[in-house]
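What follows is the residue order along each chain.
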Amino acid sequence: MRHIPRSMVSRRTRAAVSATLSVCLLAGAVSYAAAEPDPEKQKSKVDKQLSDANDDLHDTSNELVSAYEKLKKTRSKLPAARTKAKEAKEAKEEAQGEYDDAVAAYDVARANERKAEKELRSTSAKITKARRTVGGFAGQVYQQQGTGTMSVAVGNEDPSDFVDKMIMAESAGSSQGTALQDLSTNRANLVSTGDRLKALRSTTKKAKESKESTLSAAKTASTSADRAESDLEGLEEDQTSQAATLRKEKKKDEAKVAGLKKESDKLTEVLEERARKARIREAEIRKAREAQERREAEARERAEAARKKQASESSDDSSSGSTGGSSAPADPNPAPPQSSGVLAAPSGAPVSSEFGLRFHPIHKTHRLHSGRDYAGACGSPVYAAADGRVIAAHVAGGYGNQLVVDHGVKRGVSLATTYNHLESYAVRSGSVKKGQVIAYVGTTGTSTGCHLHFETRENGTPTDPRGWL
């Protein structure tokens, strides 16, 4: 039930205020002090959260799609990288084999080199020996004063000496020829072996260096290919993990969206039901207002008829000249209905005004006084008229500070009591017991002084409290 601004009181009748209050009573309104959360605000909050959750889900879905694309590209590169790494490994193994062969060849060349060096030393010894042989022969011939075989033979007179010298000369010539031939052969062997050794050294060195270079390049290529393959596999692992994380995040977002959607739908149902009940309440308000207006119109007609009758009787008494005394004026307040004793008096103060049509002291018009006034001093206690539950404790326009207690169904009607113009509250919500202090007399709202305005309402409509006291 909404508050009625004080400024509106001057433009609305108390009947309209009563009709508004009847809505509260008919609907079983909850105390403002302990009001339930507003479903509209809740739905607005939930819808905002749902929108944010949908945005998060959209972002997560896009990130997941992007992660899958990256993972797909990475995986597409892996076969080529693995093939390249395999080929590089095979090339490295082949280069290693060739290098091993080159090392073996180099070892053979080194062995041949050592053998050649040995042959060189042997040949050099032979050359040295040949040189000595030729040199010794040349010295012998020179000592014998000869220049050749003929000169040795001719220089001898004795035939036998001649023969001996010829034999010796021929033998010396033969030895000289053999020595010279050995010397020439050894020299040729020496040159040949040296050239061969030089060529062998050059060939084996180049072969080894070439294979060593090839092996180094193959190792570098293999290492690079292995690193590329490893990097791609690491990237694949990271991207797979990232995709798995995003999948989990997406499931969480989907669950959150589903939960918020369910909550939003539930609140929508609550609001739709609330709107349906509001339409029913509006219809009840119109009916209550129309009934109240009819009752007030009927009361005004009765009051006007009574006034005219009273004036007519006064005129008749004056004209008749009767000395038997004037008749008593008609009582403007009808006799109270028979009390049921359901309610107790809400105050110990005397009653200053009863329920019924009266001349309003502030508005200066005849209008229905919809309750019973107790002329209590400000601050004096106000008691609960019966057991019940506080359903409103608020400012209600001309009523000022108002407390409303719902007593449930009594005598077949929904009975509630209101306590108005209060100075302060002793309770604002919850259950109360009959005779419990619930508030204190005041003069708030449209009031000319300290008093308690007490009302009883049957199904939201004000009735004479005396029928319940």
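These figures come from a predicted structure and were not determined experimentally.

Basis of the calculations
- Residues numbered from 1 in each chain as written.
- Predicted model: local features only at pLDDT ≥ 70, side-chain atom pairs only at ≥ 80, totals over all residues.
- Heavy atoms only, no water.
- Helix = DSSP H or I, 4+ residues; strand = E, 2+ residues; numbered from the N terminus.
- Buried < 20%, exposed > 50% of the residue type's maximum accessible area, 1.4 Å probe, protein only.
- Contact = heavy atoms within 4.5 Å.
- Areas by Shrake-Rupley, 256 points an atom, 1.4 Å probe, with all protein chains shown as cover.
- Disulfide = S-S within 2.5 Å.
- Patch = residues over 30% accessible without salt bridge, like charges linked within 9 Å, V, L, I, M, F, W, Y side chains within 5 Å.
- Salt bridge = Lys/Arg side-chain N within 4 Å of Asp/Glu carboxyl O.
- Lys, Arg positive; Asp, Glu negative; His and termini not counted.
- Charge placed at Lys NZ, Arg CZ, Asp CG, Glu CD.
- Phe/Tyr/Trp six-rings, centres within 6.5 Å; stacked < 30°, edge-to-face > 60°.
- Lys NZ or Arg CZ within 6 Å of the ring centre and 35° of its normal.
- Pairing = 2+ DSSP bridges.
- Axes fitted to C-alpha atoms, helices over the stretch in contact; angles between N-to-C directions.
- Core = buried A, V, L, I, M, F, W, Y, C linked by side-chain atoms within 4.5 Å.
- pLDDT = per-residue confidence, 0-100.

## Some points on the overall build of the chain
Looking only at helices and strands, one finds four helices and 13 strands in the chain. The buried share of the chain, reckoned over its 469 residues, is 33%. Across the chain, contacts joining residues at least 24 apart in sequence account for 73% of those joining residues at least 6 apart. Element-wise, carbon and sulfur atoms account for 52% of the exposed surface of the chain, whose accessible area totals about 28,300 Å².

## Here we look at the state of the cysteines
Summed over the entire model, instances satisfying the criterion amount to one disulfide. Residue cysteine 378 pairs covalently with cysteine 450 via a disulfide, S to S 1.7 Å. Between cysteine 378 and cysteine 450 the sulfur-sulfur dihedral comes to about -95°; the bridge is accordingly left-handed. Taken together, the residues span a long stretch of sequence, with cysteine 378 in the loop between strand S4 (372-374) and strand S5 (381-383) and cysteine 450 in the loop between strand S11 (437-441) and strand S12 (452-458) at a distance of 72 residues. What makes cysteine 450 partly exposed here is its relative accessible area of 34%.

## Concerning a positive patch on the surface
Residues Arg247, Lys248, Lys251 and Lys252 make up a contiguous surface patch of positive charge. Note that lysine 251 resides in helix H4 (residues 159-320).

## Re the environment of glycine 398
Within the element layout of this structure, glycine 398 appears in the loop between strand S6 (388-395) and strand S7 (401-410). In sequence terms glycine 398 and threonine 446 are 48 residues apart; their C-alpha atoms lie 4.5 Å from each other.

## Looking at a negative patch on the surface
Together, Asp55, Asp56, Asp59 and Glu63 make up a negatively charged patch on the protein surface. Here aspartate 55 lies in helix H2 (residues 39-143). Residue aspartate 55 is classed as partly exposed on the basis of its relative accessible area, which comes to 43%.

## A closer look at the packing of aromatic side chains
Within this structure, the stated rule accounts for one aromatic pair. Directly above the aromatic system of tyrosine 106 lies the positively charged group of lysine 208, at a separation of 4.5 Å from the ring centroid. One Lys or Arg, arginine 411, reaches over the ring of tryptophan 468 and ends 3.9 Å from the middle of that ring.

## Considerations on the pairing of S12
Most of S12 sits inside the fold, with six of its seven residues counted as buried. Relative to S12, S4 is paired through three bridges, and the arrangement is antiparallel. Note that in S12 the partner of aspartate 373 across the bridge is histidine 453. As paired elements, strand S8 (residues 413-420) and S12 share six bridges and run antiparallel to each other. The partner of leucine 415 across the bridge, within S12, is glutamate 458. As paired strands, S12 and strand S13 (residues 461-463) are joined by three bridges and run antiparallel to one another.

## What to know about the sheet that holds S5
With antiparallel pairing, three strands are arranged side by side in an open sheet as S5-S11-S9. Edge positions in the sheet fall to S5 and strand S9 (422-425), since each of these pairs with one other strand and no more. Strand-to-strand twist in this sheet, taken as the mean axis angle between neighbours without regard to direction, amounts to 40°. Two strands pair when backbone bridges link them, and S5 and S11 are joined in this way by three bridges, in the antiparallel orientation.

## Regarding the pairing of S7
Every other side chain in a regular strand lies on the same face of the sheet, so the side chains alternate between the two faces. Pairing of S6 with S7 involves six bridges; the strand directions are antiparallel. Counted as the bridge partner of arginine 389 is aspartate 406 from S7. The loop that links S6 with its antiparallel partner S7 comprises five residues; one of these, glycine 397, has a positive phi angle of about 55°. With six bridges connecting them, S7 and S8 associate as antiparallel partners. Across the sheet, the residue bridging to valine 404 is threonine 418, located in S8. Count of turn residues in the S7/S8 antiparallel hairpin: two residues, of which arginine 411 carries a positive phi of about 55°.

## Comments concerning the nonpolar core
Residues Leu403, Tyr419 and Ile438 are the most contacted members of the largest nonpolar core, which totals 25 residues. Within the residue set of this core, elements represented by two or more residues are S6, S7, S8, S9, S11 and S12.

## Some thoughts on the confidence of the model for the chain
Averaged over every residue, the pLDDT of the chain is 78; the share at 70 or more is 73%. Predicted confidence for residues 25-35 stays below pLDDT 50, and this span has 23 contacts to residues more than four positions away or in other chains. For the stretch residues 318-339, pLDDT sits under 50, and the model shows 16 contacts to residues farther than four places along the chain or on other chains.

## Points about the environment of valine 257
Tracing the backbone shows valine 257 in helix H4. For the pair valine 257 and aspartate 52, spaced 205 residues apart in sequence, the C-alpha separation works out to 9.1 Å. Residues within four places of valine 257 in sequence aside, it is in contact with Leu50, Ala53, Asn54 and Leu57.

## With respect to unusual backbone geometry
Phi is positive for arginine 411, which is not a glycine, with a value near 55°. Topologically, arginine 411 is positioned in the loop between S7 and S8. Taking the relative accessible area as the measure of exposure, arginine 411 reaches 54% and is therefore exposed. Although it is not a glycine, histidine 421 sits at a positive phi angle of roughly 65°. Within the secondary structure, histidine 421 sits in the loop between S8 and S9. The buried category is assigned to histidine 421, whose relative accessible area is 4%.

## A few points about the environment of lysine 77
Along the polypeptide, lysine 77 turns up in helix H2. The spacing of lysine 77 and leucine 232 is 155 residues in sequence and 7.7 Å in space, taken between C-alpha atoms.

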